Amino acid sequence: MTHRIIFMGTPDYAAQYLEGLIFSGYKPIAVITQPDRPAGRAQTVEATPVKRTAERNNIPVHQPEDIRDPQWTKKIQELKPDLIVVVAFGQIIPQSILTIPSKGCINVHPSLLPRHRGATPWQETILQGDATTGVTIMLMDEKMDHGPILSQEGVDVAPDETTKSLEDKTAAIGIPLLIGTLTRWFAGTVTPAEQHHDQATYTRLLKKESGRIDWSKCPVEIDRMIRALNPWPGAWTEWHGKRIKILKAHLDEQNDLIVDELQPEGKKSMDAKTFRNGYCQGAQKEQPLSSLFQSQADGSSKE
RNA sequence: CGCGGGGUGGAGAAGUCCGGCAUCUCGCCUGGCUCAUAACCAGGAGAUCGCGGGUUCAAAUCCCGCCCCCGCAA
C-alpha cells in the first residue's frame with residue numbers, strides 16, 4: 001500500500017533526507033520548501049536544494065512565503081496527506097496543519113531531545129563540548145521540538161568535530177533511522193514516548209556577528225567556537241584592518257590554541273606556515289598566531 | 001548591474017597612488033658544517049608581473065577591454 005506523504009524542508013541537509021525517502025519507496029506526493037531567494041555573490045535567484053531534488057524526481061513543489069497563511073492549510077487539506085515529514089524547513093508550522101494528516105507530522109531533529117531544542121543543535125552540541133549527540137524522530141506538537149519521541153539514535157562527537165562533519169554524521173544515521181521509524185510507525189509498532197520536559201535545553205540563535213573571536217575567552221572555548229561556526233558563519237578576527245577567517249585550529253598539550261588553517265579576506269585559504277611566510281616578519285614569525293591576533297584585537301579595541 | 005579585495009619565479013607576500021635594474025619570507029638544486037636534523041653557513045637555478053590592446057624614450061606601475069579567484073551579503 002502506498003502512503004500519501006508530504007515532505008517539508010529547505011537546505012541540503014533536508015534534501016538528503018528527501019532522497020532517502022524516495023530511494024526507500026516513500027516518495028512524497030508533494031514537497032514544500034522556502035521560496036527561491038537571491039543567493040551567492042551574484043545575488044542570483046536560486047532554487048533551494050530540496051526544490052532541485054524534488055524537480056529531479058518529478059514531485060510537485062510548493063513554496064509558501066508564509067506557511068501560516070490560511071490558504072496553505074486549505075491547500076494541504078486538499079492534498080489529503082497521511083503523514084507530513086519535516087526536516088529543517090525554516091518556518092513555524094501552524095497547529096491547523098499539524099492536525100491534518102491521520103498519521104501525524106514527523107520531525108527529524110539532529111540532537112538527543114530534550115537536549116538542544118531549537119534551530120542550531122549541531123552548533124550548540126559543539127559549543128557545549130558534548131561527548132555524544134544523536135538524532136531524534138518525533139511527532140510534532142504545538143511547541144518547538146517538544147512532541148513525543150518515536151525513536152532516537154546516538155553518535156559520538158569527535159574532538160575535531162565541526163558543524164559540517166556533524167551534519168554529515170547525523171544524516172548518515174538519521175536517514176536510515178527515519179526510514180525504519182516510518183515503516184514501524186505505519187505498521188503501528190511504535191509507541192510515542194513523552195519527552196522529559198524538565199531536562200530540556202534550548203539553543204541560542206546564531207547571529208551573523210557571532211563569528212568574531214573574543215580572544216579573552218579560554219582556548220578551549222575558542223576552539224569549540226571555531227569548530228561550531230564552521231562553515232557558517234565562520235570564526236574570524238581582525239588583522240591590520242582586514243578580516244581573517246580561522247578555518248581550522250586545535251589545542252596542544254598545554255591547551256594552547258594552535259591555528260592550522262586560515263583565510264584572509266579576499267584570499268584563498270592557506271595553512272599557518274604559508275600565512276607566516278607572506279604576512280609576518282621578524283619576531284612575529286616565532287609568535288603563536290593566536291597571540292598575534294589577540295594583541296591585534298586588543299590594540300584595536302582600545303582605540 | 002548588491003558591496004568589496006585580489007591575480008608578481010613552485011607557495012605566500014611587498015612593489016602599483018608618484019612609470020626608471022624583479023624585492024621579502026619560504027620551497028627547490030649544489031657545496032660546506034654536523035653523529036644527525038625541519039638547524040646553521042656559502043653559492044645557484046627558476047618570471048610571457050592573469051590575457052589582449054593603448055599611451056610613453058621607458059609600463060608590474062597610467063588608460064581601455066576581457067578572463068579567473070576570493071571576502072561581505074543572502
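Preceding block: the structure.
This report concerns the structure included in the present document. As the structure is a computational prediction, the values presented were derived from the model and not from experiment. (Residues numbered from 1 in each chain as written. Chains lettered and ligands numbered in written order. Predicted model: local features only at pLDDT ≥ 70, side-chain atom pairs only at ≥ 80, totals over all residues. Heavy atoms only, no water.)

The next subject is the sheet that holds strand β10 (residues 235–239). Strand pairing in a sheet relies on backbone hydrogen bonds. The paired strands run either parallel or antiparallel. With antiparallel pairing, four strands are arranged side by side in an open sheet as β10-β11-β12-β13. Edge strands, defined here as strands with exactly one partner in the open sheet, are β10 and β13 (270–271). As paired strands, strand β12 (residues 257–264) and β13 are joined by two bridges and run antiparallel to one another. Bridging across to β13, Glu261 finds its partner in Asp271. Each of β10, β11 (242–251) and β12 is contacted by helix α7 (residues 219–228), which is oriented at about 110° to β11, the strand it contacts most. (Pairing = 2+ DSSP bridges. Helix = DSSP H or I, 4+ residues; strand = E, 2+ residues; numbered from the N terminus. Contact = heavy atoms within 4.5 Å. Axes fitted to C-alpha atoms, helices over the stretch in contact; angles between N-to-C directions.)

Moving on, we come to the nonpolar core. Grouped together as the largest cluster of nonpolar side chains are 61 residues, with contacts concentrated most on Phe7, Tyr17, Ile106, Leu178, Phe275 and Phe293. Ranked by residues supplied to this core, first place goes to helix α6 (residues 163–187) with 10 residues. If you count residues domain by domain, this core takes at least three from each of domain 1 (5–199) and domain 2 (208–298). In this structure, Ile106 is in contact with Leu83, Ile84, Val85, Val86, Ile137, Met138, Leu139, Met140, Leu150, Leu178, Leu182 and Trp185, ignoring residues within four places of it in sequence. Core analysis: the second largest hydrophobic core is formed by 15 residues, Leu79, Val86, Leu98 and Cys105 among them. (Core = buried A, V, L, I, M, F, W, Y, C linked by side-chain atoms within 4.5 Å. Buried < 20%, exposed > 50% of the residue type's maximum accessible area, 1.4 Å probe, protein only. Domains from an automatic or database assignment.)

This part covers the protein's contact with RNA strand B. Surveying the vicinity of RNA strand B reveals 21 residues, the closest of which are Arg41, Lys208, Lys268, Gly278 and Tyr279. Among all atoms of RNA strand B positioned within 4 Å of the protein, those belonging to sugar or phosphate total 62%. At 2.8 Å, a backbone N or O of Gly266 approaches a base nitrogen of RNA strand B. Of all the secondary-structure elements, those providing two or more residues to the surface near RNA strand B are β3 (37–39), β11 and α8 (272–279). The biggest single contributor to the surface near RNA strand B is α8, with four residues. (Near = heavy atom within 4 Å. Polar contact = N/O pair within 3.5 Å; in protein donor to acceptor, adjacent residues only side chain to side chain.)

The next thing to look at is the packing of helix α1 (residues 12–23) against helix α2 (residues 49–56). Interhelical geometry of α1 versus α2 gives an angle of 25° and a closest axis separation of 7 Å. By the angle between their directions, the pair α1 and α2 is classed as roughly parallel. Where α1 abuts α2, its residues Asp12, Ala14, Ala15, Leu18 and Glu19 lie against Pro49, Val50, Thr53, Ala54 and Arg56. (Parallel < 35°, antiparallel > 145°, perpendicular 65-115°, else oblique.)

This next bit is on the side chain of Arg227. Mapped onto the secondary structure, Arg227 falls in helix α7. Residue Arg227 is classed as buried on the basis of its relative accessible area, which comes to 11%. Dropping the residues within four chain positions of it, Arg227 is found in contact with Ile126, Ala158, Pro159, Asp160, Glu161, Thr162 and Thr163.

By themselves these figures say nothing about function.
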